[in-house]
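Results of the structural survey
Listed here are the chains, written in short residue letters.
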Amino acid sequence: MDLPDILQSLRICGGTEGGSPISWDCPSLSVVKVLSQIKDLFQAEASPRTKEDILKSIQHLLATGDSHWLFSDCCNNEGTSVRRVYLDLTSALTQYAALPPCETDSGELPTSSYALIPQKAVKVSAVLLSLIKRLEDSKDLVSCSRAATPVKSLALRLMPSLFVFAVIHSQDEPWTSTQSKQAAGELLSATIQAAGCTSAAELLCGKSRDDDSGILGSVLEMLKPELKKDIWMRNQATKHIFSWTLTQVSRPWLSEFLDHVFPPSLLFSDDYRTENEVLGVHCLRHIILNVPAADLRQYNRAEVLYHALFKHLYKSDPQLIEAVLPCLLDLLSVLEKPPSNIDAPRKSNRYDEVLRLFLTHMEMEHKISLRRVYARNLPLFTSRLGIVTVRHLKRLERVIVGYLEVYDGPEEEARLCVLEALERTIQHAWPRMKSRINVLLKTLLRLLYDVATDLSPTPPAVREELMKRATRCLILLDHSCQGTLKVLLKEVDSSCTHIRVLECIEQVQQQDTPLWGNSPADFNSAQLLKM
């Protein structure tokens, strides 16, 4: 099918001259006029079948049309805006496969509302793929006029729209299917290749710090109208595009766009739906990790962020707490000096405030899912705070004892994590362990006995790991107390103790005098790992 046939099939009229139709030869036509009429016809057509036929004709026109006629703004296209007509056509095509807006406050639509979207996305992706491939093939096209805009410039202007469309339909969401994700993925790959890049991050940021060819600024400007406080929830795709795009950008590029990405991330995290809160927290953590601390502290951004995250600690959703705790710890390193800093007296600060509330909630929690979340993050807290945990040893001891006494299911995740936290606590706060050795020794021996005599479906590997970690804690306790624990272990009555417990006690007894100098931090952990 040649150009006259395509135009005839689309019922595009070029006007008459003396009562006779004008010839539809390419040299006598402006691509701007042709594509403008195609766009108007596409938007005016109500029949889905007719729209699909128009899409096929557009794809064929882009695939077979002369490159000079299609993209050059000289010769017959001189004096017209080729760039504008392609931007308008791309906008009309992407709008055809756009998600229906949600008019309710819930921000969610039933899955049935997206039934036709995947099919539309596949067809639009095919057209846009033909366009970007022709632009790539024509990037070295020589125009007749020196004032003509290079084809590469046209491709760069279209890439933000193509990128956003491809990201929308390449995610695993209710509005995508296997076919639509594959088609959108091919479009994204072709766009990256046409830009001469190797990844989405390179397409967004450029190949180097001084390379200004990245499209991140243009993409964020496109998303900005849809990220306003009152309307962002109307389109379910908006938050996913923003989140996916944000996570592709790292240091040092992200700091330049901090004013664009910080407000929407806070907006998501402040929503009442857990899904959006978690998404917002993930975005905020990416910002914290990839923006210099000085930029975060400027204009009190870090303070605002701290209060936004801290209030989430009062909620009881495991998924949200799992996201908030490590994010808060990363933020504290921006707001406060490292706890290991000994240049000045250690005053109570936000580290203490967060750990105090964290231990309070951990101690009182009875839901297994939340207990596991808290236990998983406890080793991270004890490692980050180091010697500062001394201020909270009383409550920390109660938490450790309480968690080690409760069976946590076959995987014993909470107990394993708490044992790891205890090990790190002993290493950091070893001078204070002697006054707590009786409580901790009884707890660890009781744990060893419970695990050794356990008849639950706990896998043998998990039981062995529990006993190994408990034994490691006993050895560290003994070294922190300069051998006092070995004396106490001699009082254990071997006649009423399981043989496996006796083996663990024997391992502790066989350990020599402390292998460190002044603290358990000098202890050779390789010796423990060999047990």
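Structure report, in brief. (Residues numbered from 1 in each chain as written. Predicted model: local features only at pLDDT ≥ 70, side-chain atom pairs only at ≥ 80, totals over all residues. Heavy atoms only, no water.)

**Topic: the environment of Ser-348**
Tracing the backbone shows Ser-348 in the loop between helix 16 (318-335) and helix 17 (350-364). Residue Ser-348 is classed as exposed on the basis of its relative accessible area of 54%. Taking C-alpha positions, Ser-348 is 9.2 Å from Val-388, a pair spaced 40 residues apart along the chain. (Helix = DSSP H or I, 4+ residues; strand = E, 2+ residues; numbered from the N terminus. Buried < 20%, exposed > 50% of the residue type's maximum accessible area, 1.4 Å probe, protein only.)

**Here's the deal with the packing of helix 19 (residues 393-404) against helix 21 (residues 437-452)**
Look at helix 19 against helix 21: their axes get within 10 Å of each other, and the N-to-C directions meet at 15°. For the element pair helix 19 / helix 21, the angle class is roughly parallel. Crossing of helix 19 against helix 21: the hand is left-handed. Here Glu-397, Val-401 and Leu-404 of helix 19 come into contact with helix 21, specifically with Val-439, Leu-440, Thr-443, Leu-444 and Leu-447. Taken together, the residues of the contact of helix 19 with helix 21 sort by class into 6 nonpolar, 1 polar and 1 charged. (Axes fitted to C-alpha atoms, helices over the stretch in contact; angles between N-to-C directions. Parallel < 35°, antiparallel > 145°, perpendicular 65-115°, else oblique. Left-handed = near helix turned anticlockwise from the far one by under 90°. Contact = heavy atoms within 4.5 Å. Nonpolar A, V, L, I, M, F, W, Y, C, P; charged D, E, K, R; others polar.)

**Notes on the nonpolar core**
The biggest cluster of nonpolar side chains holds 163 residues, and the ones touching the most others in it are Tyr-86 and Phe-163. Beyond its immediate chain neighbours, meaning those up to four positions away, Phe-163 contacts Leu-188, Ala-200, Leu-203, Leu-204, Ile-215, Val-219, Trp-244 and Thr-245. (Core = buried A, V, L, I, M, F, W, Y, C linked by side-chain atoms within 4.5 Å.)

**Observations regarding the packing of aromatic side chains**
Counted according to the given criterion, the structure contains 10 aromatic pairs. Here the aromatic rings of Phe-310 and Tyr-314 are separated by 6.1 Å at their centres, their planes lie at 80°, and the arrangement is edge-to-face. Tyr-314 gets classed as exposed once you look at its relative accessible area, which sits at 56%. Within the aromatic cluster, the residues linked to one another by ring pairs are Trp-232, Phe-242 and Phe-268. Over the ring of Tyr-306 we find Arg-350, and its NZ or CZ is 5.7 Å from the ring centre. Between Arg-371 and the ring centre of Tyr-403, over which it is positioned, the NZ or CZ distance is 3.9 Å. (Phe/Tyr/Trp six-rings, centres within 6.5 Å; stacked < 30°, edge-to-face > 60°. Lys NZ or Arg CZ within 6 Å of the ring centre and 35° of its normal.)

**Quick word on unusual backbone geometry**
With an omega of -5°, the peptide bond between Arg-251 and Pro-252 qualifies as cis. With respect to the secondary-structure elements, Pro-252 resides in the loop between helix 11 (236-247) and helix 12 (258-269). Phi is positive for Asn-300, close to 60°, though the residue is something other than glycine. Mapped onto the secondary structure, Asn-300 falls in the loop between helix 14 (293-297) and helix 15 (301-310). Located in the positive-phi region is Glu-412, a residue other than glycine, with phi close to 50°. Mapped onto the elements of the fold, Glu-412 is located in the loop between helix 19 and helix 20 (413-428).

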